[in-house]
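What follows is each chain in one-letter form.
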Amino acid sequence: MNFTDYASLQSAIADELNRSDLTTAIPGFISLMESQTERQLRTREMLASVSFTIDAEFENLPAQFLEVRSFYLNTTPITPLLFRTIESMEQFKRANPGVGKPTDYTVLGNQFMFVKTPDSAYTATLVYYQNIPRLTNVNTTNWLLEKHPDIYFYGSLLNSAPYLKDDARIPVWIQLYQNAVEALKVADERAQTAANNLKSQARMF
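Here we summarise the structure given alongside this text.

Parameters at a glance
Residues numbered from 1 in each chain as written. Predicted model: local features only at pLDDT ≥ 70, side-chain atom pairs only at ≥ 80, totals over all residues. Heavy atoms only, no water. Helix = DSSP H or I, 4+ residues; strand = E, 2+ residues; numbered from the N terminus. Rg over C-alpha atoms; globule rule 2.2 N^0.38 Å. Buried < 20%, exposed > 50% of the residue type's maximum accessible area, 1.4 Å probe, protein only. Contact = heavy atoms within 4.5 Å. Areas by Shrake-Rupley, 256 points an atom, 1.4 Å probe, with all protein chains shown as cover. Lys, Arg positive; Asp, Glu negative; His and termini not counted. Charge placed at Lys NZ, Arg CZ, Asp CG, Glu CD. Pairing = 2+ DSSP bridges. Axes fitted to C-alpha atoms, helices over the stretch in contact; angles between N-to-C directions. Parallel < 35°, antiparallel > 145°, perpendicular 65-115°, else oblique. Nonpolar A, V, L, I, M, F, W, Y, C, P; charged D, E, K, R; others polar. Salt bridge = Lys/Arg side-chain N within 4 Å of Asp/Glu carboxyl O. Expected span 1.5 Å × (residues − 1).

**Brief notes about the overall build of the protein**
- In terms of regular secondary structure, the protein is built from six helices and 10 strands.
- In terms of overall size, the protein is more extended than a compact globule, its C-alpha atoms giving a radius of gyration of 22 Å where 205 residues would be expected to give roughly 17 Å.
- The principal-axis extents of the C-alpha atoms in the protein amount to approximately 65 × 45 × 30 Å.
- When each of the 205 residues of the protein is scored for burial, the buried share is 38%.
- When contacts within the protein are restricted to residue pairs at least 6 apart in sequence, those whose partners lie at least 24 apart make up 65%.
- Accessible surface for the protein amounts to roughly 11600 Å². Of this, 52% is attributable to carbon and sulfur atoms.
- Each charge class in the protein can be summarised by its mean position, and for the 18 positive and 22 negative side chains these summaries are 7 Å apart.

**Quick look at the sheet that holds strand β1 (residues 47-54)**
- Read from one edge of the open sheet, four strands run β1-β10-β3-β4, paired in antiparallel fashion. Both outer strands of the open sheet, β1 and β4 (79-80), are each paired with one neighbouring strand and no more.
- One ladder, built from two bridges, connects strand β3 (residues 65-73) with β4; its direction is antiparallel. Paired with L73 across the bridge in β4 is T79.

**Observations concerning the sheet that holds strand β2 (residues 58-60)**
- Reading across from one edge, β2-β8-β7-β5 is the order of the four strands in this open sheet, with mixed pairing throughout. The strands lining the two open edges of the sheet, one partner per strand, are β2 and β5 (82-83).
- Bridge count for β5 against strand β7 (residues 104-108) is two bridges, and the pairing is parallel. Pairing of F83 across the sheet is with Y105, part of β7.
- On top of the sheet, helix α3 (residues 86-95) reaches β7 and β8 (111-115); it is set at about 130° to β7, its chief contact.

**Considering unusual backbone geometry**
- Residue P77 is reached from T76 by a cis peptide bond, and omega for that bond is -5°.
- Considering the arrangement of structural elements, one finds P77 in the loop between β3 and β4.
- Here V115 and K116 are connected by a cis peptide whose omega angle stands at 0°.
- One non-glycine residue with positive phi stands out, namely N18, at about 55°.
- Of note, N18 is situated in the loop between α1 (6-17) and α2 (26-38).

**Examining the packing of α1 against α2**
- Relative orientation of the contacting elements α1 and α2 amounts to 105°, with a least axis distance of 10 Å. For the element pair α1 / α2, the angle class is roughly perpendicular. Residues Y6, L9, Q10, I13 and A14 of α1 form the contact with α2, whose participating residues are I26, P27 and I30.
- Grouping the constituent residues of the contact of α1 with α2 by class yields seven nonpolar, one polar and no charged.

**As for the pattern of salt bridges**
- By the definition in use, this model includes 10 salt bridges.
- Residue D188 is joined to R44 by a salt bridge in which the shortest nitrogen-to-oxygen separation is 2.8 Å. Placement of D188 in helix α6 (residues 170-203) and of R44 in the loop between α2 and β1 is noted, with a sequence separation of 144 residues between them.
- You can call D188 buried: its relative accessible area is 4%.

**Some words on the side chain of S156**
- Mapped onto the secondary structure, S156 falls in helix α5 (residues 149-164).
- Residue S156 is classed as buried on the basis of its relative accessible area, which comes to 0%.
- In this view, S156 contacts I13, F29, I30, M33 and I151; residues no more than four positions away in its chain are not counted.

**Here's the deal with α5**
- An ideal rise of 1.5 Å per residue puts 22 Å on 16 residues; α5 measures up with 22 Å between its terminal C-alpha atoms.
- Taken residue by residue, α5 has I151, Y152, F153, Y154, G155, S156, L157, L158, N159, S160 and A161 as its buried positions.
- Of the residues one or two after α5, K165 is the one with positive phi, at around 55°.

Set out below in C-alpha cells:
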C-alpha cells in the first residue's frame, strides 16, 4: 500500500478494484468508512480539550464533538460534573429547582444542559473525543491516514462492496478492516497503560 494522501488513497482503491470508472464513487466509500470507524474508535489522537464559560442552563457543544472524556468546573477545589441521562436529568432538575453552582449535565441535541442553572459565570474544562478529520481535496491527510493507512484502505474497500454488488469480497475486507481497527485499539490501550505506569512511578520519587 503506497499512499500518503487523499488522492493516492483513491488511486490505490481504484487499482485494487481494477476499476477506472469510480472517480465519483470512491470519495463516498471513504466518507462512509470515516463515519463507520469513528463509531468504533476512542483513541488519544481523537482527544481535544477546551475551556469555556458556563453561564446559562444550555451551552453549545464544541465543534466536532463526539463524547465527553472528562468535564469539570475550574473551582477550588475543582468540581467534577456528573453526566446524567435525559430521563434522570429531568427528575434531578425537578428535585433541584432554582439557580446555583452546576453539578450535573446531559446532552440534548447539539447542546449541554446543566443543573443547577448557573447563578453566575463558571469556567469549565472539557476533555472530549472529536470526529476524525474528514479527507477532502483541501484537507488531504490526517492522523489516521498517516499512522494507520490500512484502516482507510480496507474500510473503504469494504464500503465499496454493496455499491459494486460484490458480496464475495465482503468477508475478506471486513476481516482485514476489523483486524486493523483492533490493532489500533490494542496499541492505544498499551500506550495509555505505559503512560499511567510512568505517572505512578514518578509519584514514588
